[in-house]
Amino acid sequence: MPSGAEPADGPEALAARERLVDELARALPRVAPAVLSALRSVPRHLFMPGASLAEAYDDHAHAIGHGQTISQPTVVALMTDALELRGGERVLEVGTGSGYQAAVLARLGARVHSIERIETLAREAAARIARLVPGDVVVHVGDGATGLPREAPFDRILLTAAARRLPEELLEQLAPGGILVAPVGDEEQWLGVWREGRSAREGRWICPVRFVPLIRSDA
Ligand code: SAH
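Small disclaimer: the values here were computed from a predicted structure and weren't measured.

Here is what the cut-offs are and how they apply
Residues numbered from 1 in each chain as written. Predicted model: local features only at pLDDT ≥ 70, side-chain atom pairs only at ≥ 80, totals over all residues. Heavy atoms only, no water. Core = buried A, V, L, I, M, F, W, Y, C linked by side-chain atoms within 4.5 Å. Buried < 20%, exposed > 50% of the residue type's maximum accessible area, 1.4 Å probe, protein only. Helix = DSSP H or I, 4+ residues; strand = E, 2+ residues; numbered from the N terminus. Contact = heavy atoms within 4.5 Å. pLDDT = per-residue confidence, 0-100. Near = heavy atom within 4 Å. Polar contact = N/O pair within 3.5 Å; in protein donor to acceptor, adjacent residues only side chain to side chain. Nonpolar A, V, L, I, M, F, W, Y, C, P; charged D, E, K, R; others polar.

(A) Region of interest: the nonpolar core. Grouped together as the largest cluster of nonpolar side chains are 51 residues, with contacts concentrated most on Leu39, Phe47, Tyr100, Leu105 and Val181. Secondary structure elements with two or more residues in this core: helix 1 (11-27), helix 2 (33-41), helix 4 (73-82), helix 5 (100-107), helix 6 (119-132), strand 7 (174-185), strand 8 (189-195) and strand 9 (204-209). Those residues in contact with Val181 that sit more than four places away from it in its chain are Met79, Ala82, Leu83, Ile157, Leu158, Leu159, Leu191, Gly192 and Val193.

Structural data, given as structure tokens:
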């Protein structure tokens, strides 16, 4: 067994993961090598209880219970890459879900605050993350649609649920030089990137995506 791997992360899982990330590297040649290494180092199947290795290592979103999904690996790669992490950044993730994306961010050296509105998901995700990347991720239970003002500012903010329109409050929680990445839209959604100091209208669109909706408790 490779050093540092959990008992549940055996050679079969490792081989399946290598195959998936090799495919991603071919399909997404502009994604930073560090992002691909992070994807190689996080056992996605441990975030998908009940899923087979084949399901965990195909390039699809999957149900994780409570009507929610773990994102497609291609989309995780693109979103993570768009955050341009160098290590040491304070990152807010809205929508912890399984905890997989948060673990990938932590592997890139980010100090992550992740917020999830469904308590059971948050609790389970926190336990998985604590085993893999202890100390690097704080999981909060609550509505993160308007960010996490008490922990702001953040160098990076990532939404992993789709906002109908980008909440301006999120841009206001970015530190100087900060980057916000979010899926936006309803029936048709696009992944967008915004820079601190710009308005919600000045985003750059990356690709069409399909995310579960961001639920606003005040809506
Ligand atoms: N990043 C996750 C996938 C998230 S799916 C992963 O790696 O597995 C989107 C998640 O956003 C769901 O778990 C959903 O419950 C959560 N969510 C939706 N609206 C939210 C809100 N306003 N605040 C916090 N979490 C929210």
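Having seen the model, we can carry on.
(B) Broad picture of the confidence of the model for the chain. Looking at the chain as a whole, its pLDDT mean stands at 95, while 96% of the residues score no less than 70. Confidence drops under pLDDT 50 across residues 1-7; counting only partners more than four residues distant or on other chains, this segment forms seven contacts.

(C) Layout of the environment of Ala145. Residue position: Ala145 is located in the loop between strand 5 (137-141) and strand 6 (154-159). Residue classification places Ala145 among the buried residues on the basis of a relative accessible area of 1%. With 72 residues separating them along the chain, Ala145 and Ser217 place their C-alpha atoms 8.0 Å apart. In this view, Ala145 contacts Val94, Pro167, Leu170, Leu214, Ile215 and Arg216; residues no more than four positions away in its chain are not counted.

(D) The site of the ligand, seen in detail. As a structural note, the neighbourhood of the ligand is formed by 27 residues, with Ser98, Glu116, Asp143, Gly144 and Ile215 the closest of them. Within the side chain of Thr160, an N or O atom sits 3.1 Å from a nitrogen atom of the ligand. With respect to the ligand, the backbone of Ile215 contributes an N or O atom lying 2.6 Å from a nitrogen atom. At the level of elements, strand 2 (68-70), helix 5 and strand 4 (111-116) are the ones that each hand at least two residues to the shell around the ligand. With three residues, strand 2 is the single largest residue contributor to the shell around the ligand. Here the residues of the shell around the ligand are counted per class, giving 11 nonpolar, 12 polar and four charged.

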